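Letter by letter, the chains look like this.
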Amino acid sequence: MIIAIDGTLASGKGTIARQLSAEYGLPYMDTGQLYRLTGLIALAAEVDFDDAQALADIAESLNFQGYTDDELRTAEVGQAASKVAAVPEVRAALLNLQRRFALQPGGAVLDGRDIGTVICPEADVKLWIDASVEARALRRWKELVSKGETLTLDEMISQLKERDERDKSRKDAPMVAAADAVLIDTTHLSIDAAVDKARAVVEAALAKKPTPSGD
Ligand code: DC
């Protein structure tokens, strides 16, 4: 079973994806990390963000060893990730890796922005997770401040709006819900309540899926 979870930044999609991955015993890929690592390496190597080929070369040969999750989740790296994600050559360089992961025997859970639309349109379950910009900014701001970043909540709100806009308006694989995705708005939901809704969608899909024996 392939579960595609897309949605906006800090909507809770990663938490839902990890939980479903654990419950259903499916391997999980956080595809945002691919764009984040590309952005982080480009920043460190002072690569020009207009140099599509240089960015694609980085994306082509990613190796996560030696990078911590905290390094990848800073606000600066998030901004860089959003910029490299708008470069078609970067997206092309990362496509096969994601598709291979999705199509492994038994299935997988992937979260991102274009899983249900571009990477895996044939996914068995497609979820679109969203929340108000204020709720999302507050969640991400608390997370970043607890790790020692010093930005204000207003700065977080404007960064998030800027990133949403860039992710939505890019020409290649823009952030958009697949027509057949089930929407979950987490603005007023606890993590458990959001996961409950997501699980119900998976269970409904499982009930419809033919069993391997055909009965
Ligand atoms: O989900 P995230 O914040 O870790 O994603 C980082 C950036 O990468 C975000 O600006 C959107 C982009 N992204 C994308 O374009 N496609 C994906 N499948 C995943 C992330």
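Residues numbered from 1 in each chain as written. Predicted model: local features only at pLDDT ≥ 70, side-chain atom pairs only at ≥ 80, totals over all residues. Heavy atoms only, no water.

**Quick word on the overall build of the protein**
Moving on, step 1. Within the protein, the secondary structure is distributed over ten helices and five strands.
Moving on, step 2. Relative to a compact globule of 215 residues, whose C-alpha radius of gyration would be 17 Å, the protein shows 17 Å and is just as compact.
Moving on, step 3. Taken over the C-alpha atoms alone, the protein extends approximately 60 × 35 × 30 Å along its principal axes.
Moving on, step 4. Sorting the 215 residues of the protein into buried and exposed places 47% on the buried side.
Moving on, step 5. The contacts in the protein between residues at least 6 apart in sequence include a share of 76% that link residues at least 24 apart.
Moving on, step 6. Distance between charge centroids for the protein: 4 Å, based on 25 positive and 35 negative side chains. (Helix = DSSP H or I, 4+ residues; strand = E, 2+ residues; numbered from the N terminus. Rg over C-alpha atoms; globule rule 2.2 N^0.38 Å. Buried < 20%, exposed > 50% of the residue type's maximum accessible area, 1.4 Å probe, protein only. Contact = heavy atoms within 4.5 Å. Lys, Arg positive; Asp, Glu negative; His and termini not counted. Charge placed at Lys NZ, Arg CZ, Asp CG, Glu CD.)

**Regarding the site of the ligand**
Moving on, step 1. Close to the ligand lie 16 residues; Arg36, Arg91, Arg113, Asp114 and Arg170 are nearest.
Moving on, step 2. Between Arg91 and the ligand, the recorded distance is 2.8 Å, taken from a side-chain N or O atom to an oxygen atom.
Moving on, step 3. Arg170 has a polar side-chain atom sitting 2.9 Å from an oxygen atom of the ligand.
Moving on, step 4. In the complex, 98% of the free accessible area of the ligand, which totals 450 Å², lies under the protein chains. (Near = heavy atom within 4 Å. Polar contact = N/O pair within 3.5 Å; in protein donor to acceptor, adjacent residues only side chain to side chain. Areas by Shrake-Rupley, 256 points an atom, 1.4 Å probe, with all protein chains shown as cover.)

**Quick notes on a negative patch on the surface**
Moving on, step 1. Judged by side-chain charge, Asp48, Asp50, Asp51, Asp57 and Glu60 come together as a negatively charged surface patch.
Moving on, step 2. Assignment of secondary structure puts Asp57 in helix α3 (residues 52-60).
Moving on, step 3. Exposure remark for Asp57: the relative accessible area of 44% places this residue in the partly exposed category. (Patch = residues over 30% accessible without salt bridge, like charges linked within 9 Å, V, L, I, M, F, W, Y side chains within 5 Å. Salt bridge = Lys/Arg side-chain N within 4 Å of Asp/Glu carboxyl O.)

**Side note on the sheet that holds strand β2 (residues 28-30)**
Moving on, step 1. Taken together, five strands build an open sheet; the order of strands is β2-β3-β1-β4-β5 and the sheet is parallel. Among the strands making up the open sheet, the edge pair consists of β2 and β5 (182-185). In this sheet, adjacent strand axes meet at a mean angle of 20° when their direction is disregarded.
Moving on, step 2. As defined by bridge partners, strand β1 (residues 2-7) adjoins strand β3 (residues 108-112) across five bridges and the pair is classed as parallel. Looking across to β3, one finds that Ile2 is bridged to Ala108.
Moving on, step 3. The sheet contacts of helix α6 (residues 88-102) involve β1, β2 and β3, and relative to β3 the element is tilted by about 145°. (Pairing = 2+ DSSP bridges. Axes fitted to C-alpha atoms, helices over the stretch in contact; angles between N-to-C directions.)

**Re the nonpolar core**
Moving on, step 1. Residues Tyr35, Leu55, Val90, Leu94, Leu110, Ile115 and Cys120 are the most contacted members of the largest nonpolar core, which totals 26 residues.
Moving on, step 2. Taken together, the elements giving at least two residues each to this core come down to β1, α2 (32-44), α3, α5 (75-85), α6, β3 and α7 (115-119).
Moving on, step 3. Element by element, the count of residues in this core is highest for α6, at five residues.
Moving on, step 4. Setting aside chain neighbours within four positions, we find Cys120 in contact with Ile2, Arg99, Ala102, Ile115 and Lys126.
Moving on, step 5. Of all hydrophobic cores here, the second largest spans 18 residues; its members include Ile5, Ile16, Ile184 and Ala194. (Core = buried A, V, L, I, M, F, W, Y, C linked by side-chain atoms within 4.5 Å.)

**Observations concerning α2**
In an α-helix, one full turn covers 3.6 residues, which means residues spaced three or four apart are oriented alike.
Moving on, step 1. The first and last C-alpha atoms of α2 sit 18 Å apart over 13 residues, in line with the 18 Å expected at 1.5 Å per residue.
Moving on, step 2. For α2, the complete set of buried residues consists of Gln33, Leu34, Tyr35, Arg36, Leu37, Thr38, Gly39, Leu40 and Ala42.
Moving on, step 3. Once α2 finishes, Glu46 follows within two positions and takes phi at roughly 50°, a positive value. (Expected span 1.5 Å × (residues − 1).)

All quantities given are derived from atomic positions and should not be read as evidence of function.
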